[in-house]
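Listed below are the residues making up each chain.
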Amino acid sequence: DSGVTQTPKHLITATGQRVTLRCSPRSGDLSVYWYQQSLDQGLQFLIQYYNGEERAKGNILERFSAQQFPDLHSELNLSSLELGDSALYFCASSGGGTLNTQYFGPGTRLTVL
Amino acid sequence: AQKVTQAQTEISVVEKEDVTLDCVYETRDTTYYLFWYKQPPSGELVFLIRRNSFDEQNEISGRYSWNFQKSTSSFNFTITASQVVDSAVYFCAEGYSGGGADGLTFGKGTHLIIQP
């Protein structure tokens, strides 16, 4: 158990809908990262937050957004969902220093029908 | 741009054999970090090791060992006396600290199958 929690574990929705994925980092970790794992793209970094502020953006679509709250939990919002958004979404957390080890949550499996 | 290549898509060995997973990386920075993660069939990503670019000392931890060679941009991972529980997808990743951004670049993964 990495100490990072993600909810829900599974999510099934329809095209065009909007969903919110939630992540709670390990106790004391200030950085939260979101990654997408799909069969065709592999594991891709989406976005990073550090202590409530956006720190880095990767291959995140404009339809996707995230935020980190004062209690350090984070949410990833996915809107106007398409079939291709079906993937495993991971949240990771780290202590916040330069390239500290990232510990991953169990992931949320999103299926868009 | 960062790039991580794991040329071995799938490896199948019989239990107790030694197996080496290859990883080659490209990076623009002189200071970077390399990681190995394991993804068992249950789906979670499990951290195995982190290596700094300025530390080329190789290491052995139990049945696992790592060979980091900066001259060839390789960071290979070896499992000695493999066990069925080692069956998983193994990912190599590289982290580049540019302006405080810490997103990792992952390879495509190597699916390791340990047959009893």
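Residues numbered from 1 in each chain as written. Chains lettered and ligands numbered in written order. Predicted model: local features only at pLDDT ≥ 70, side-chain atom pairs only at ≥ 80, totals over all residues. Heavy atoms only, no water.

Caption draft 1: Molecular detail of the overall build of chain B. When its secondary structure is counted, chain B shows zero helices and twelve strands. Going from N to C terminus, chain B has its helices and strands arranged as β-β-β-β-β-β-β-β-β-β-β-β. Relative to the 2.2 N^0.38 estimate, which gives 13 Å for 116 residues, the radius of gyration of chain B is 14 Å and therefore close to what a compact globule would have. Taken along the three principal axes of its C-alpha coordinates, chain B extends 45 × 30 × 20 Å. For chain B, buried positions account for 48% of its 116 residues. Sequence-distant contacts, at least 24 apart, represent 55% of the contacts inside chain B between residues at least 6 apart. Of the accessible surface of chain B, which amounts to about 5400 Å², a share of 49% is contributed by carbon and sulfur atoms. When the 9 basic and 14 acidic side-chain charges of chain B are each reduced to a single mean position, those positions are 3 Å apart. (Helix = DSSP H or I, 4+ residues; strand = E, 2+ residues; numbered from the N terminus. Rg over C-alpha atoms; globule rule 2.2 N^0.38 Å. Buried < 20%, exposed > 50% of the residue type's maximum accessible area, 1.4 Å probe, protein only. Contact = heavy atoms within 4.5 Å. Areas by Shrake-Rupley, 256 points an atom, 1.4 Å probe, with all protein chains shown as cover. Lys, Arg positive; Asp, Glu negative; His and termini not counted. Charge placed at Lys NZ, Arg CZ, Asp CG, Glu CD.)

Caption draft 2: Quick look at the state of the cysteines. Across all of its chains, the model carries two disulfides over all chains by this definition. In this model Cys23 of chain A forms its disulfide with Cys91 of chain A; the gap between the sulfur atoms is 1.8 Å. Taking the sign of the S-S torsion, about -50 degrees here, the bridge from Cys23 of chain A to Cys91 of chain A comes out left-handed. Of the two residues, Cys23 of chain A is situated in strand S3 (residues 19–24) and Cys91 of chain A in strand S9 (residues 87–94); the sequence distance between them amounts to 68 residues. Like Cys91 of chain A, Cys23 of chain A is buried. Here Cys23 of chain B engages in a disulfide with Cys92 of chain B; their sulfurs sit 2.0 Å apart. Residues Cys23 of chain B and Cys92 of chain B are joined by a disulfide whose S-S torsion is about -65 degrees; by sign, that bridge is left-handed. Taken together, the residues span a long stretch of sequence, with Cys23 of chain B in the loop between strand S3 (19–21) and strand S4 (24–26) and Cys92 of chain B in strand S10 (residues 88–96) at a distance of 69 residues. Judged by relative accessible area, Cys92 of chain B falls into the buried class, the value being 0%. (Disulfide = S-S within 2.5 Å.)

Caption draft 3: Layout of unusual backbone geometry. That bond from Thr7 of chain A to Pro8 of chain A is cis: its omega, -10 degrees, falls within 30 degrees of zero. The residue Leu72 of chain A is not glycine, and still its phi comes out positive at about 80 degrees. By secondary structure assignment, the location of Leu72 of chain A is in the loop between strand S7 (64–68) and strand S8 (74–78). For Ala81 of chain B, which is not glycine, the phi dihedral falls at a positive 50 degrees.

Caption draft 4: Molecular detail of the nonpolar core. Among the nonpolar cores identified, the biggest contains 23 residues, and Trp36, Phe75, Phe77 and Tyr90 of chain B are the most heavily contacted of them. Of all the secondary structure elements, the ones that give two or more residues to this core are strand S2 (10–14), S3, strand S5 (32–39), strand S6 (46–52), strand S8 (64–69), strand S9 (74–79), S10 and strand S12 (110–115) of chain B. Excluding anything up to four places from it in sequence, Phe77 of chain B contacts Val19, Thr20, Leu21, Trp36, Leu48, Tyr64, Ser65, Trp66 and Tyr90 of chain B. Within the second largest apolar cluster, 21 residues are counted, among which are Leu11, Val19, Tyr49 and Ile60 of chain A. (Core = buried A, V, L, I, M, F, W, Y, C linked by side-chain atoms within 4.5 Å.)

Caption draft 5: Inspection of the environment of Leu76 of chain A at higher detail. Residues and elements named next belong to chain A. Structurally, Leu76 can be placed in strand S8. On the accessibility criterion, Leu76 (0% relative accessible area) is buried. The spatial distance from the C-alpha of Leu76 to the C-alpha of Ser65 is 5.9 Å, given a sequence separation of eleven residues. In this structure Leu76 touches Val19, Thr20, Leu21, Trp34, Leu46, Ile60, Ser65, Ala66 and Tyr89, once residues within four positions along its chain are discounted.

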